[in-house]
Amino acid sequence: MPPKKRITAAVKEAKPSVKGASAEKKDDAELSIKKHREKDEDFVALCKSLQVTDTVCDQAWILWKSVQRSMDEISGTQRRIWGACLYVTVTDMELDVTSFTLTQVQKAVALNVKQFLALIRKMDVNLDTISTRVDSVLTRLEKKYDVLLALYQRFDKTCKKIFSLDSDGKEMETKRSCWTLFLLAKGRALQMEDDLVIAFQLLMCALEFYIKRYPSDHLQPLYQSAINKAQSPPTRTSRRNQSKAKPRPPEPEIDIKLLETLCKENDCNIEEVKNLYQTSFSAFLESLDLSRSPDLPQAQELSRHYEEDYLKGRDFDGRLFLDGDETLLAPKLDLMQVERTPKKNQLEEEDPVMVPPQTPVRAAMSSIQQLRMDLSSSRDQPSPNLAMYFKNCTVDPTLEVLKRVETFGQLFGLKFGQAVGPSCIVLGKERFTLGVRLYYRAMESMLKSEEKRLSVQNFSKLLNDSTFHTSLLACALEVVLATYAGKSGGYNLGNGGDQTETDLCFPWILDVFKLGAFDFYKVIESFIKAEPTLSKDMVKHLESCEHLIMETIVWKTGSPLFELLKQAHEEGPAEQAEPPATYNLPLQHDHTAADLYLSPVRPGHRVLPPPESPPTAQPPAQSSGQTPRHPRSNSLSLFYKKLYRLAYMRLKTLCSYLLSSHPELEPIMWTLLQHTLQHEYELMRDRHLDQLMMSAMYAICKVKNVDLRFKTIVTAYKNMANTHQETFKHVLITEGQYDSIIIFYNQVFMQRLKTNILQYASTRLPTLSPIPQIPRSPYKFPSSPLRVPGSNNVYVSPMKNPRMSPGIMTPRSKMLVSIGESFGQSNRFQKINQMVNSSDRSFKRTLELGSAPKPLKRLRFDMDGQDEADGSKHGGDSTLIQKLAEMSSTRSRMQKMKEDAESGKD
């Protein structure tokens, strides 16, 4: 061990160098005008006003020069684009201390949040202008803004129902103080700033805190009667008499009656809000020493605390909502949709029946209320019928089921607290309880169906399969989580991007339970069929989860799917994953969760490979009198059927958009893509299905001498549903190395499939793969609208359950007609006729959609005008690209195809 003197000397010698580094950093922190003489004076002045460093100034100027030509068509001044370049630069550089916030740069360039974020996304003309990190930050900011805007709009309306207007402005001062307290609590108590439901419940806690401290004679009658008079604080004691005042007993933390009134008026669950108050909100008040004070907090002190958090977070200032600041103004379209109220019959001579607008908060509260109502009769324990199924098993699984639920409940609460906030574990347990009720109910429904199908009651193998139970519980919890998220269909893709914060979006639940995506996939379809109370949006959400699994999640390293595919190919040519002859077989089948989980480990002669399952697993017991048959495995076969249909539909959509003049290429592209998925499935490892789809499209166009560049493909792809820029920006090349899809095609895809691709150059094509039949989706249910035969866009659906109305209505409702009642003005018939007879549906979309985005002008993948793959030069834009550039409404076409695809399922 070296002597202590040497250690001391080393430390003393290091100090001057640290000081020197600090001095250099300080010098760099101040912008030097002399170093930037070659730049535009106004740009340097903007940098100076935002107090950026020389390095940031230089990098932002380089970015500006790279996008200058392509951004000339953007309306507005250069100053706005400069501001966007500065924000992108500091976000990409991951600086510990940034000199400006989002609001400050917005004010400098006079743009609101939506406009500023949209401008940055428009800068991504070269695909590599905006990094995945910047895109992740923009997405987080947009979510946070949408949530906070919805909360403020509800807060503003609620305050008008609580406080009476005062001439001295006391009501506005209290309102400002309450909103600031809520912003402060939201930032400090919650880690997920885009969780609408928990944030709204926290807002209820803040309102309760202020109402009971506000003079009761200045409250509206409803809240005057709700507040507990015993808790009304006495008048403030003067400082001179404070020492003589008798100490007051501590007041109760929650006025239950007041909180119940607030929750009832806002469709909140009182128990959830009370638990949030007792855990998160009370701890927050204690941290500011406010919990025992009978007085209203000092607004300036709260604002000072929030200012610290705001400058640290460097995003937008939520206090400015109170001032109607232009940087936080909501888009006019959003305001119109929120404020516009559909009416049953718009007749002047009759009183219209008003339907409340479907605001984000109202929609979320309505969905949660409906879920809790549906599960109100369900139990936290197995029902008597389910318990009977357990007892009928050769090995009773009851104890294992209860033990598993208890273990997962503790795990779920812990992980929920880590994601949302340490004090929110109780909320996680409440949601887990709802999930357990749904889990037991769905299981009982599945077993009843299996009993009817197989005429047996002994399901010992299935009910003792741990993976089955884990998957079913995870599916039930995903329904609960998606309901509380306020929006269905949310994903946490995580394709290599920088996740700025943890969220509860799918596949979060898979990570919590360490559950394989392939195992989870096997229960989705049976779960949907077993649970008829699922809303249409929730069915779509689960179907989207299934798609996400097939597109990318199941292909991650470590997935059991690769071992299953390896086994299938070891069986020989006859044991392929999906025989071509079965492509056109209907998807309507009897493959239940029991079939898929109980497939044997190794297949018999000339059958498909099985999923991973316990060695002792066997199919459900055969009814008496039946001859035992060797079990066949269905899980991998069914998976590939669905995979092929999904892949073909996405390819067809892209081809219809880009290659309508070359319909003969679609089956060739499909053959190449199908061959890749079946025989070169290793290319899918840690990649996305769409990456292979776009590569196959480009490859066939190259060998067929059809001018279609990757930049054109990507432009169209960005407009498709459920796409993400990381899919084409962040593609695995080799282990640990990621690059654009162009590099993937050149270095990986083309190298692996070169021989196969070249065979399509011949006029004598090899045998083409059959086109998968796209049957009706198995996820339809009786309430789905049906197209009227012979019409373009007229649908009929059963009358909705009264308990679902009017919550199901949205501001997008165009017209409501009640048969047998007065229809009103004659021009309504003309509008309906015009809409029905419009073959291109442009009448409906003309006012809803703006001008179409143009195809990408330039790609940094194109070197000196050369094409991406082989370096061949093009004298100018191809006929295809010119045709694309002349399209009057690209987004309208994409929307039309999306509607056609959806209607095709019917």
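Only a predicted model underlies this, so the values are computations on that prediction, with no experimental measurement involved.

Some words on the overall build of the protein
Part 1 of the argument: Each helix and strand in the protein was counted, giving 35 helices and four strands.
Part 2 of the argument: Within the protein, the fraction of its 906 residues that count as buried is 49%.
Part 3 of the argument: Taking the contacts inside the protein whose residues are at least 6 apart along the sequence as the reference set, 77% of them involve residues at least 24 apart.
Part 4 of the argument: Accessible surface, the protein as shown: approximately 44200 Å² in total, 51% of it carbon and sulfur.

Quick notes on the pattern of salt bridges
Part 1 of the argument: Under the defined criterion, the tally for this structure stands at 33 salt bridges.
Part 2 of the argument: For R319, the salt bridge is made with E307, and the minimal N-O distance between the two is 2.3 Å. Placement of R319 in the loop between α13 (299-313) and α14 (332-339) and of E307 in helix α13 is noted, with a sequence separation of twelve residues between them.
Part 3 of the argument: The exposure class of R319 is buried, given its relative accessible area of 12%.

Brief notes about helix α6 (residues 113-122)
Part 1 of the argument: For α6, every residue scored as buried is listed here: V113, K114, F116, L117, L119 and I120.
Part 2 of the argument: One side-chain oxygen of the residue at the start of α6 lies 3.2 Å from the amide nitrogen of K114, identifying that residue as N112.

Remarks on the pairing of strand β1 (residues 731-734)
Part 1 of the argument: As paired elements, β1 and strand β2 (residues 737-739) share three bridges and run antiparallel to each other. For L732, the partnering residue across the bridge sits in β2 and is Y738.
Part 2 of the argument: The loop that links β1 with its antiparallel partner β2 comprises two residues; one of these, G736, has a positive phi angle of about 80 degrees.

Thoughts on the environment of A185
Part 1 of the argument: Note that A185 resides in helix α8 (residues 170-189).
Part 2 of the argument: In sequence terms A185 and A199 are 14 residues apart; their C-alpha atoms lie 9.2 Å from each other.
Part 3 of the argument: Among all residues touching A185, those that are not within four sequence positions of it are L190, L202, F281 and F284.

Side note on helix α17 (residues 398-420)
Part 1 of the argument: The end-to-end C-alpha distance of α17, which contains 23 residues, comes to 32 Å, matching closely the 33 Å that a straight helix rising 1.5 Å per residue would cover.
Part 2 of the argument: Considered for burial, the residues of α17 that qualify are V401, R404, V405, F408, G409, F412, G413, F416, G417, A419 and V420.
Part 3 of the argument: Elements that come into contact with the buried residues of α17 comprise α8, α9 (196-211), α16 (384-391), α18 (425-454), α20 (466-484) and α21 (508-513).

Some thoughts on the confidence of the model for the protein
Part 1 of the argument: Chain-level statistics for the protein give a pLDDT mean of 77 and a share of 67% at 70 or above.
Part 2 of the argument: Contacts from residues 230-252, a stretch scored under 50 in pLDDT, to residues over four places away or in other chains number 20 contacts.
Part 3 of the argument: This model gives residues 585-589 a pLDDT under 50, and the stretch forms 16 contacts once residues within four places in sequence are excluded.

Basis of the calculations
One numbering rule holds for all chains: residues counted from 1, following each sequence as written. This being a predicted model, a pLDDT of at least 70 is required before a residue's local features are given, and a value of 80 or more before pairs of side-chain atoms are given or counted; all residues contribute to the totals for chains, interfaces and linings. As a rule here, side-chain values cover all heavy atoms of the structure and leave hydrogens and water aside. Under the scheme used here, helices are H or I runs from DSSP no shorter than 4 residues and strands are E runs no shorter than 2 residues, and both carry numbers assigned from the N terminus. Residue burial is assigned from relative accessible area. The probe radius is 1.4 Å, only protein chains are included, and a residue is buried under 20% of its type maximum, exposed over 50%, and partly exposed in between. The criterion used for residue contact is that any of the two residues' heavy atoms lie within 4.5 Å. Surface exposure here means Shrake-Rupley accessible area, sampled with a 1.4 Å probe, where a residue is shielded only by the protein chains that are shown. By definition, a salt bridge exists where a carboxyl oxygen of Asp or Glu is found within 4 Å of a side-chain nitrogen of Lys or Arg. The term polar contact refers here to a pair of N or O atoms within 3.5 Å; inside protein, the definition further demands a hydrogen-donor-capable atom paired with an acceptor-capable atom, and it admits residues adjacent in sequence only when both atoms are side-chain atoms. Any two strands between which DSSP finds at least two bridges are classified as paired. One less than the residue count of a helix, multiplied by 1.5 Å, gives the span that helix is expected to have. Values of pLDDT, which run from 0 to 100, indicate the predictor's confidence residue by residue.

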